[in-house]
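# Structural characterization, general
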Amino acid sequence: MEQRPLYIASCSFGKDSIATILLALEHNEPLDRAVFAEVMFDTERNISGEIPEHIEWIYSTAIPKLESMGVKVDVVRTKDYMSFFHRRRGEKSKPEYRGRKEGFVIGGKCRLSGQKAEAIKRYYKDLGTVNVVQYIGIAIDEPKRLQGLEGTNKISLLAKYGYTEADAWRKCEEYGLLSPIYDTESRGGCWFCPNASNKHFMRIYTKYPHLWNELRIMSKDENLCTQCFKYNKRFGEYEAYIEKRLQQEENKKKQLKLF
C-alpha cells in the first residue's frame, strides 16, 4: 500500500503561517507537524538571525502553546551568516576579489534567501519520505503568490477557507498567537538585512546595541570584496545617518515637551 502523505506546515511564526496551523486544527485538516527554519547569524555563539523579540517569543510562547494544542514543532537551522561573510572568493573570481571575504550581503541579492528552503529540503530528506504535502501561509489576497503553488505539493489553507492577511491577523489575535514583531515591524526577517527600513535599524541600534556592535566589528575587516552595508553606503556612513536620524527625533520630542 502507498504510504499516506505527511502533512507539514512550514511555519515562520508570522501571522499567515500561524493562522494556517490554527485553521488546520479548527477544520480537522490532516496535520502531522510543523517545521520552523531559523536563520542563524552565528551558530557557534548561538546568535539567531531572527529579529530578537520574535525569536524569544517563538521559543518562550509560541512553540509551547502550539505543542499544548497537539502540534509537534520541529526546528531546523540554516547555514549561518558569519560563514557567508567570511567565505573567501576562489580562483574563478575577478583578480581583485580572489582571496577576499564575501562581506555583507548585498541588498536585493541576499545569498541567504534560499537557505530556509535548503534547510527544509534537508529536513524532508532526514524524514525518509518524499511523500509530503506542505501547508504554506499565503492569503487569498495574494493572487500572484498563490499562482506559484499550482502544480506543486504545496497547499494554502488560507486560500481554501477564504482568509485574507487581515483575517489571519485576527485569527492569531483570537488565540493569543500574534508575534510581538508586529508592534514595530510590518513583517519578519533577519535583523541585519540590508533591505530592512531605516526605522528597523534605528530600533536595533537603540534596543540591541550588542547586535549593532557585531556589525560594527565586521565592518572593520579590511579584506572584504565590498565595504558596502546598505546599498551604496558603507557601514560607518550608514551608522552616522542612523545617529543623525535618532538625534533629530530626540530634538522633536524635546520641542513637543516645551509646548
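Our subject is the structure that appears above.
Summarised in this report is the structure supplied together with it.

Each value, and the rule that gives it
Residues numbered from 1 in each chain as written. Predicted model: local features only at pLDDT ≥ 70, side-chain atom pairs only at ≥ 80, totals over all residues. Heavy atoms only, no water. Helix = DSSP H or I, 4+ residues; strand = E, 2+ residues; numbered from the N terminus. Buried < 20%, exposed > 50% of the residue type's maximum accessible area, 1.4 Å probe, protein only. Contact = heavy atoms within 4.5 Å. Areas by Shrake-Rupley, 256 points an atom, 1.4 Å probe, with all protein chains shown as cover. Core = buried A, V, L, I, M, F, W, Y, C linked by side-chain atoms within 4.5 Å. Salt bridge = Lys/Arg side-chain N within 4 Å of Asp/Glu carboxyl O. Expected span 1.5 Å × (residues − 1). Pairing = 2+ DSSP bridges. Phe/Tyr/Trp six-rings, centres within 6.5 Å; stacked < 30°, edge-to-face > 60°. Lys NZ or Arg CZ within 6 Å of the ring centre and 35° of its normal. Axes fitted to C-alpha atoms, helices over the stretch in contact; angles between N-to-C directions. Parallel < 35°, antiparallel > 145°, perpendicular 65-115°, else oblique. Left-handed = near helix turned anticlockwise from the far one by under 90°. Nonpolar A, V, L, I, M, F, W, Y, C, P; charged D, E, K, R; others polar.

### Side note on the overall build of the protein chain
Of regular secondary structure, the protein chain possesses 10 helices and 9 strands. Its C-alpha atoms give the protein chain principal-axis dimensions of roughly 65 × 60 × 35 Å. Across the 259 residues that make up the protein chain, the buried fraction comes to 46%. Sequence separation of at least 24 residues holds for 66% of the intrachain contacts in the protein chain that already meet a minimum separation of 6. In the structure as shown, the protein chain presents an accessible area of about 14,400 Å², 50% of it carried by carbon and sulfur atoms.

### Digging into the nonpolar core
Counting 61 residues, the largest nonpolar core has Phe13, Tyr81 and Leu215 as its most contacted members. Discounting residues that sit within four places of it in the chain, tyrosine 81 has contacts with Met40, Phe41, Gly103, Phe104, Val105, Leu112, Phe192 and Met218. Core analysis: the second largest hydrophobic core is formed by 10 residues, Val35, Ala119, Tyr123 and Tyr124 among them.

### Let's talk about the pattern of salt bridges
According to the stated counting rule, one finds 21 salt bridges in the structure shown. With a closest N to O distance of 3.1 Å, aspartate 16 and lysine 15 form a salt bridge. The residues aspartate 16 and lysine 15 share a single accessibility class, namely buried. Salt-bridge contacts for glutamate 102 lead to arginine 89; the nearest nitrogen and oxygen are separated by 3.0 Å. In this pair, glutamate 102 sits in the loop between helix 3 (81-85) and helix 4 (115-127) while arginine 89 sits in the loop between helix 3 and helix 4, placing the two residues 13 residues apart along the sequence. Through salt bridges with shared partners, a single network forms among Lys15, Asp16 and Glu165.

### What to know about helix 1 (residues 15-26)
Because an α-helix completes one turn every 3.6 residues, residues spaced three or four positions apart along the sequence face the same direction. With 12 residues, helix 1 extends 16 Å from end C-alpha to end C-alpha; this agrees with the ideal 16 Å at 1.5 Å per step. Of all the 12 residues making up helix 1, 10 are buried; the element is thus mostly covered by neighbouring parts of the structure. Of all the positions in helix 1, only Lys15, Asp16, Ser17, Ile18, Ala19, Thr20, Ile21, Leu22, Leu23 and Ala24 are classed as buried. Looking at the buried positions of helix 1, the neighbouring elements they touch are strand 1 (6-10), strand 2 (33-38), helix 2 (52-68), strand 6 (132-135), helix 6 (157-160) and helix 7 (165-174). The positive-phi residue at the C-terminal boundary of helix 1 is asparagine 28, with phi of around 55°.

### Overview of the sheet that holds strand 5 (residues 73-77)
One open sheet accounts for 5 strands, arranged 5-2-1-6-7; its pairing is parallel. What marks the edges here is a single partner per strand, and that holds for strand 5 and strand 7 (154-155). Pairing of strand 1 with strand 2 involves 3 bridges; the strand directions are parallel. Bridge pairing in strand 2 places serine 10 opposite valine 35.

### Some points on the packing of aromatic side chains
Enumeration over the complete set of coordinates arrives at 20 aromatic pairs. A centroid spacing of 4.2 Å and a plane angle of 10° characterise the contact between tyrosine 81 and phenylalanine 192, whose relative ring orientation is stacked. Taken together, the residues span a long stretch of sequence, with tyrosine 81 in helix 3 and phenylalanine 192 in the loop between helix 7 and helix 8 (198-207) at a distance of 111 residues. The ring of phenylalanine 84 carries the charged tip of lysine 79 above its face, separated from the ring centre by 5.2 Å. Its guanidinium or amino end placed over the ring of tyrosine 241, lysine 233 lies 5.7 Å from that ring's centre, counting from NZ or CZ.

### Re the environment of alanine 117
Structurally, the position occupied by alanine 117 is in helix 4. As a C-alpha pair, alanine 117 and lysine 144 span 27 residues in sequence and 19 Å in three-dimensional space.

### Let's talk about the environment of glycine 236
Within the secondary structure, glycine 236 is located in helix 10 (residues 235-258). Considered as a pair, glycine 236 and arginine 216 are 20 residues apart in the sequence and their alpha carbons are 7.9 Å apart.

### Side note on the packing of helix 1 against helix 7
It is at 8 Å that the axes of helix 1 and helix 7 come closest, and there the two elements cross at 70°. With respect to helix 7, the axis of helix 1 lies roughly perpendicular. Pair helix 1 / helix 7 crosses with left-handed handedness. Contacts between helix 1 and helix 7 pair Lys15, Asp16, Ile18, Ala19, Leu22 and Glu26 from the former with Glu165, Ala168, Trp169, Lys171, Cys172 and Glu174 from the latter. Looking at the contact of helix 1 with helix 7, its residues break down into 6 nonpolar, no polar and 6 charged.

Function cannot be inferred from these measures alone, as they are strictly geometric.
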